[in-house]
Amino acid sequence: MKPEKDIADKVLEEANERFQLIQQSDSDNRKNYKADLAFVYSPGQQWPDDVRQRRTGWQELCLEFNQLKQFVAQVVNDQLQNRPGIRVHPTDSDASEDVAEILQGMVRSIETDSNADDTYKLAFKLAVAAGIGWWRVVSEYESEDGFDQKLVIKPIQDSLMVYADLEYEQPDGSDRRFVFVVEKLTKTEFARKYPK
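Residues numbered from 1 in each chain as written. Predicted model: local features only at pLDDT ≥ 70, side-chain atom pairs only at ≥ 80, totals over all residues. Heavy atoms only, no water.

## Concerning the packing of helix α2 (residues 27-41) against helix α4 (residues 68-81)
What counts, and what does not: Axis definition: a line fit to C-alpha positions, over the contact stretch in the case of helices; interaxial angles, taken between N-to-C directions, run 0 to 180 degrees. We count a stretch as a helix when DSSP gives it H or I for four or more residues in a row; a strand needs E for two or more, and each element gets its number in order from the N terminus. The cut-offs work like this: below 35 degrees is roughly parallel, past 145 is roughly antiparallel, 65 to 115 is roughly perpendicular, and the gaps in between are oblique. What makes two residues a contact is simply this: any of their non-hydrogen atoms within 4.5 Å. Gly is put with the polar residues, along with every residue not named as nonpolar or charged; the nonpolar set is Ala, Val, Leu, Ile, Met, Phe, Trp, Tyr, Cys and Pro, and the charged set is Asp, Glu, Lys and Arg.
Relative orientation of the contacting elements α2 and α4 amounts to 105°, with a least axis distance of 8 Å. It follows that α2 is roughly perpendicular to α4 by the angle criterion. Between α2, through Phe39, Val40 and Tyr41, and α4, the contact on the second element is made entirely by Leu68, Lys69 and Val72. Here the residues of the contact of α2 with α4 sort into five nonpolar, no polar and one charged.

See below:
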């Protein structure tokens, strides 16, 4: 049997290789995501940098009439009329309508406790404006000293925090083999959050 350190080193090596591959393969999409988001929400970003600098040097105006924000809002508001949500259905003759109804109630409770509507709205807004939107389902301890856990739907504020396997075939990406969610912290924040 291999020592645990060898196994951990192998897992970390494989994770690092996968992460590097995604960074290289997806760099153009990430650059375009930033540009698209800036184009919609950041004043001054509807002009290319070189054109804006040239016009500023010539003392000419760079007027912007940002119409995209309202169109993004319209699409997002249309989506709010048909809110996404998790639906539980019995799938075969052994499944029970009553059990599906109980599970649906549990899912509805998780969505309500997680404020999932706002999470779905943020992910959809980012997807409409820049092409990528994410949320995640995580388990959390109900209290610091307990063992009971609960499922929570969490927003991902910045879609660039997610590095997902690009080799998938299903339209929804459900056959992805791995996904990384990164979080940048200062050393001080890290020490406070992870003291041990």
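## Describing the packing of aromatic side chains
Our working rule: Two rings from Phe, Tyr or Trp (for Trp, the six-membered ring) form a pair when their centres sit within 6.5 Å of each other. Planes less than 30 degrees apart are called stacked, planes more than 60 degrees apart edge-to-face, and all others tilted. Buried means the residue's accessible area, taken with a 1.4 Å probe over protein chains only, is under 20% of the maximum for its type, while exposed means over 50%, and partly exposed covers the values in between. Placement of a positive charge over a ring is assigned whenever Lys NZ or Arg CZ falls within 6 Å of the ring centre and within 35 degrees of the normal to the ring plane.
Applying the stated criterion across every chain yields a total of five aromatic pairs. Arranged with centres 4.6 Å apart and planes meeting at 55°, the rings of Phe19 and Tyr163 form a pair that is tilted. One end of the pair, Phe19, is in helix α1 (residues 4-25); the other, Tyr163, is in strand β3 (residues 162-164), and 144 residues separate them in sequence. In this structure, Phe19 and Tyr163 share a single accessibility class: buried. Ring geometry for Phe190 against Tyr194: centres 5.2 Å apart, planes inclined by 45°, an arrangement best described as tilted. Through pairs of rings, three or more aromatic residues link up here, namely Phe19, Tyr163, Phe178 and Phe180. In this arrangement the basic side chain of Arg30 is found over the ring face of Tyr163, its NZ or CZ atom lying 3.7 Å from the centre. Over the aromatic face of Tyr168 sits the side chain of Arg176, whose NZ or CZ is 4.1 Å from the ring centroid.

## Focus: the environment of Val76
Relative to the assigned elements, Val76 resides in helix α4. Judged by its relative accessible area of 4%, Val76 falls in the buried class. Setting aside chain neighbours within four positions, we find Val76 in contact with Lys121, Phe124 and Lys125.

## Some details on helix α5 (residues 97-114)
Note the following rule: One less than the number of residues in a helix, times 1.5 Å, gives the span that helix is expected to have. Here the arc refers to the set of directions running from the helix axis out to each C-beta atom. In the analysis that follows, any N or O atom pair within 3.5 Å is treated as a polar contact, provided that within protein one partner can donate a hydrogen and the other can accept it, and provided that, for residues neighboring in sequence, both atoms belong to side chains.
Relative to the 26 Å expected for 18 residues at 1.5 Å per residue, α5 spans 25 Å between its end C-alpha atoms, a close match to the ideal helical length. Considered for burial, the residues of α5 that qualify are Ala100, Gln104, Val107, Glu111 and Ser114. Down the axis, α5 shows its buried residues gathered within 95° of arc, on one side only. Projecting away from the buried face of α5 at angles above 90 degrees are the exposed residues Asp98, Glu101, Ile102, Thr112 and Asp113. Where α5 is buried, its residues contact α6 (116-130) and β2 (149-155). A distance of 3.1 Å separates the backbone nitrogen of Asp98 from a side-chain oxygen at the start of α5, and that oxygen is part of Ser96. Note on α5: the residue one or two positions beyond its end, Asn115, has a positive phi of about 55°.

## A look at the side chain of Asp26
Looking at the element boundaries, Asp26 is found in the loop between α1 and α2. Within the structure, Asp26 has its side chain in polar contact with the side chain of Asn29 (distance 2.8 Å).

## Structural notes on the confidence of the model for the chain
Basically, it comes down to this: Confidence of the predictor in every single residue is expressed as pLDDT, which spans 0 to 100.
When pLDDT is averaged across the chain, the result is 89; 99% of the residues are at 70 or more. No element of the chain has a lower mean pLDDT than helix α3 (residues 49-57), which averages 80, and none a higher one than β3, which averages 95.

## Some words on the pattern of salt bridges
Using the following cut-off: Note on definitions: salt bridges are taken to be side-chain nitrogens of Lys or Arg within 4 Å of carboxyl oxygens of Asp or Glu.
Taken as a whole, this structure holds nine salt bridges when the rule is applied. Across the pair Asp28 and Lys31 runs a salt bridge whose closest N-O atoms are separated by 4.0 Å. Of this pair, Asp28 and Lys31 both sit in helix α2, three residues apart, which is roughly one turn of the helix. Classification of Lys31 by relative accessible area gives exposed; the value is 53%.

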